[in-house]
Amino acid sequence: MRFSETEPAMTQDELKQAVARDAIAHVVDDAWIGVGSGSTANFFIDELAKIRHRIKGAVASSVKTAERLKSHGIPVDELNNVGPLPVYVDGADEVTEHGAMIKGGGGALTREKIVAAASRKFVCIVDGSKLVDVLGKFPLPVEVIPMARSYVARELVRMGGQPELRQGFTTDNGNVILDVRNLKILDPVKLETEINQLAGVVTVGLFARRGADTILIGGENGVRRIDVRR
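Attention here is on the structure that accompanies the text.

### A closer look at the packing of helix α1 (residues 12-23) against helix α2 (residues 39-49)
No. 1: Interaxial distance between α1 and α2 falls to 8 Å at its minimum, and their mutual angle equals 50 degrees. Of the possible angle classes, the one that applies to α1 and α2 is oblique. Judged by the twist between their axes, the crossing of α1 over α2 is right-handed. Counting all contacts with α1, which are made through Asp13, Lys16, Gln17, Val19, Ala20, Arg21 and Ala23, the residues of α2 involved are Ser39, Thr40, Phe43, Phe44 and Glu47.
No. 2: Each residue belonging to the contact of α1 with α2 can be placed in one class, and the counts come to five nonpolar, three polar and four charged.

Below, the structure written as structure tokens:
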């Protein structure tokens, strides 16, 4: 997909719509599709609705995603009932060309990570502003069991971060989120492992051990595709 250089600059929503349309090419017919959460994933859901007759249905990574899928007449089932998924499509708050991501700005990081882990292919769809050389400018979300909030926050400070409780927010799993600033994430896999090992952490919004396989990036000149080598 290409856009004329004479056309006015595209809005961020238009860029998201462009990558959502391109992501449809990765949908496997007659299968269950993993679907992420957030504004870009919502555009993908809208596009998926146009071909809903070609798929069995979707596994949602959040309550809001499930509601949007159902509103379009797309069947939704639990991951436990459908087994491994051929593809998972989701956005990211930040992503590198190596497929490592920060996710969880919307608070669905744990279920997103579970569905991603259960999928053979992860297609990340973003506008160009989300592509970075080094992760960490976007605050890193960490989902925490409430009683462990203070302990985990202290440990994150020791790691060099500045954790802040996301006020007035509870995840779909009944937990809280600490948003961690001031982390320059040079080794995403190592940091993901270290934070996940803290007692009380449900999961961290670093998707590096299981990162994206394909990244679709919307820009003024079209949608750029990166296939990540592992």
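### Here we look at the sheet that holds strand β11 (residues 206-207)
As a general point, the strands of a sheet are linked pairwise by backbone hydrogen bonds and lie either parallel or antiparallel.
No. 1: Ordered by their spatial adjacency, three strands build an open sheet running β4-β5-β11, and the pairing between neighbours is antiparallel. Looking at which strands have only one partner, the edges of the open sheet turn out to be β4 (94-95) and β11.
No. 2: In this sheet, β11 lies alongside strand β5 (residues 101-102) in antiparallel orientation, the contact comprising two bridges. Within β11, the residue paired with methionine 101 across the bridge is phenylalanine 207.

### A word on the packing of aromatic side chains
No. 1: Enumeration over the complete set of coordinates arrives at one aromatic pair.
No. 2: The lysine or arginine in question, lysine 103, covers the ring of phenylalanine 207, its NZ or CZ lying 5.5 Å from the ring centre.
No. 3: Positioned above the aromatic ring of phenylalanine 169 is the side chain of arginine 166, whose terminal nitrogen or guanidinium carbon lies 5.3 Å from the ring centre.

Calculation criteria
- Residues numbered from 1 in each chain as written.
- Predicted model: local features only at pLDDT ≥ 70, side-chain atom pairs only at ≥ 80, totals over all residues.
- Heavy atoms only, no water.
- Axes fitted to C-alpha atoms, helices over the stretch in contact; angles between N-to-C directions.
- Helix = DSSP H or I, 4+ residues; strand = E, 2+ residues; numbered from the N terminus.
- Parallel < 35°, antiparallel > 145°, perpendicular 65-115°, else oblique.
- Left-handed = near helix turned anticlockwise from the far one by under 90°.
- Contact = heavy atoms within 4.5 Å.
- Nonpolar A, V, L, I, M, F, W, Y, C, P; charged D, E, K, R; others polar.
- Pairing = 2+ DSSP bridges.
- Phe/Tyr/Trp six-rings, centres within 6.5 Å; stacked < 30°, edge-to-face > 60°.
- Lys NZ or Arg CZ within 6 Å of the ring centre and 35° of its normal.

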